[in-house]
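# What the coordinates show
Here is what each chain is made of, one letter per residue.
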Amino acid sequence: MRVFLFAFLIALQLSVYSQTKKQLLQIANKAYLLQDYYSAINLYQNYLEAYPSEIEVKYKLSKSYIELNDFGKAIPHLLDIYKTDRDKKFQETSFLLANAYKQTANYRYAKRYFRRALIEHRRRKESYEYKKINQEIKSCDFAQTNYKPIKTKELTNLGSSINSTNADFAFTLIDNNTAIFASTDTFGTANGTIAYSKLFWANKINEQWSRGGLVQLPKSYADHNVVNPFYDDENRQLYFSDCDTMLRCMIKKGDIVGQSLTNIITLNNKINLPFTNNTQPTIAITDSAKYLIFSSDRTGGFGGMDIWYSKISESGYEEPINIGENINSPDHEISPFYKNNTLYFSSNWHLGFGGFDIFKS
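Residues numbered from 1 in each chain as written. Predicted model: local features only at pLDDT ≥ 70, side-chain atom pairs only at ≥ 80, totals over all residues. Heavy atoms only, no water.

Bringing the sheet that holds strand β15 (residues 333-339) into the picture now. Spatially, three strands are ordered β15-β16-β17 in an open sheet, and the strand pairing comes out antiparallel. The open sheet has two edge strands, β15 and β17 (357-360), and neither has a second partner. Neighbouring strand axes in the sheet, compared pairwise and without regard to direction, differ in orientation by 20 degrees on average. The sheet contact formed by β15 and strand β16 (residues 342-347) spans five bridges and is antiparallel. By the bridge assignment for β16, glutamate 333 is matched with serine 347. (Pairing = 2+ DSSP bridges. Helix = DSSP H or I, 4+ residues; strand = E, 2+ residues; numbered from the N terminus. Axes fitted to C-alpha atoms, helices over the stretch in contact; angles between N-to-C directions.)

Here it is, written out as structure tokens:
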């Protein structure tokens, strides 16, 4: 994700409160448009302290919280908007509110607002929107029956030696004591301070993981998001997603030499089909063959991001095949991982507890 951090911009001003209404809103909206949601939230909150009745600003503040998965803080603002607007100007409000309640495990209220959101689409029963909302209501029924609080003792956070205040994700083992993961960090550029996702080393010493330095890449990758690493230990190669600032990705692989990733190859255009998003590579080895499994929004799927697989033969990567409608849905299926004859993946369509849940097949 490309993020412009506005702290430096605000620091140039004497005070946020010294700005005129128009200037403050312009800065807030610019942060919002450039997906700097942390700055947008701070600026919109300051704006609403002075002008609390402006619904459009509340809406953008709510959306900023949602983009950062802070659904609890979005709910009161969405409620204010819904009570005032009733889905007239801001037609998504009841759906966003329902989803926020679902994400916070308040399934009773989630169903209430999903039903209200359904009214807008009741005459278009074949539409994605109608099917999606009905699926969400079914999902709430499932969650009410099956939801149990998480037993946190089963989870161990790797701690501040690995995790940062930014996003840290996609941890892949190179060996028992070495790993590579993706993390968002800031880098000074001619355009200001921009945050990109890059690959970092992790090292395990005395059973404790700690963050190492950046995985060194050619200079041409400076303004790319390099994410979703997967280590193929059979060939000692690292697969990864190379994404532009619009989050359009292609799958590549390279050799690990020292602290660097070298001999980088872009996979063929069967995998990286032009004008499509191809990402999150993983390798599956069965008794009979080896496969590349990945997520893509190419045509021929069931909707959104689907999971595809390509047999790896001596001649290269064969024509990808959609993994089928038992897995893929009208919405998104992402993050495939294969181990011991089982495919693990995430979906925001199949019956679950909220957002992207993890499933296995």
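On we go.
What follows is about the nonpolar core. Grouped together as the largest cluster of nonpolar side chains are 41 residues, with contacts concentrated most on Tyr44, Leu78, Leu97, Tyr101, Tyr113 and Phe114. When residues of this core are traced back to their parent elements, those giving at least two are α2 (21-33), α3 (37-50), α4 (55-67), α5 (71-85), α6 (93-103), α7 (107-119) and α8 (128-146). If near-sequence neighbours (up to four positions away) are discounted, tyrosine 44 is found in contact with Leu25, Ala28, Asn29, Tyr32, Val57, Lys60, Leu61 and Ser64. In this structure, Ile174, Trp201, Tyr221 and Cys243 belong to the second largest nonpolar core, which totals 15 residues. (Core = buried A, V, L, I, M, F, W, Y, C linked by side-chain atoms within 4.5 Å. Buried < 20%, exposed > 50% of the residue type's maximum accessible area, 1.4 Å probe, protein only. Contact = heavy atoms within 4.5 Å.)

This next bit is on the packing of aromatic side chains. According to the stated counting rule, one finds 17 aromatic pairs in the structure shown. Aromatic pair tyrosine 32 and tyrosine 44: ring centres 6.3 Å apart, planes at 65 degrees, arrangement edge-to-face. With a gap of twelve residues between them, tyrosine 32 in helix α2 and tyrosine 44 in helix α3 connect regions that are remote in the sequence. We note that tyrosine 32, like tyrosine 44, is buried. Through successive ring pairs, a cluster of aromatic residues spans Tyr82, Tyr101, Tyr109 and Tyr113. Note that arginine 211 overlies the ring of phenylalanine 200, its terminal NZ or CZ placed 4.8 Å from the centroid. Here the basic side chain of arginine 298 rests over the ring of tryptophan 308, its NZ or CZ set 5.5 Å away from the ring centre. (Phe/Tyr/Trp six-rings, centres within 6.5 Å; stacked < 30°, edge-to-face > 60°. Lys NZ or Arg CZ within 6 Å of the ring centre and 35° of its normal.)

Should the pLDDT be low somewhere, the predicted coordinates at that spot are not to be read in detail. In the predicted model, the protein carries a mean pLDDT of 90, and the fraction of residues at 70 or more is 91%. Counted against residues more than four places away or in other chains, residues 1-5, with its pLDDT under 50, gives 26 contacts. Contacts from residues 7-18, a stretch scored under 50 in pLDDT, to residues over four places away or in other chains number eight contacts. (pLDDT = per-residue confidence, 0-100.)

By the definition in use, this model includes one disulfide. Between the sulfur of cysteine 243 and that of cysteine 249 lies a disulfide, 2.0 Å long from S to S. An S-S torsion of about 105 degrees defines the bridge between cysteine 243 and cysteine 249 as right-handed. Considered together, cysteine 243 and cysteine 249 belong to a single accessibility category, that of buried residues. (Disulfide = S-S within 2.5 Å.)

The next subject is the packing of α3 against α4. With their axes 9 Å apart at the nearest point, α3 and α4 run at an angle of 150 degrees to one another. One finds that α3 runs roughly antiparallel with respect to α4. Here α3 runs over α4; the crossing is left-handed. Residues Tyr37, Ala40, Ile41, Tyr44, Gln45, Tyr47 and Leu48 of α3 touch α4, and the partners they reach there are Val57, Lys58, Lys60, Leu61, Ser64, Tyr65 and Glu67. (Parallel < 35°, antiparallel > 145°, perpendicular 65-115°, else oblique. Left-handed = near helix turned anticlockwise from the far one by under 90°.)

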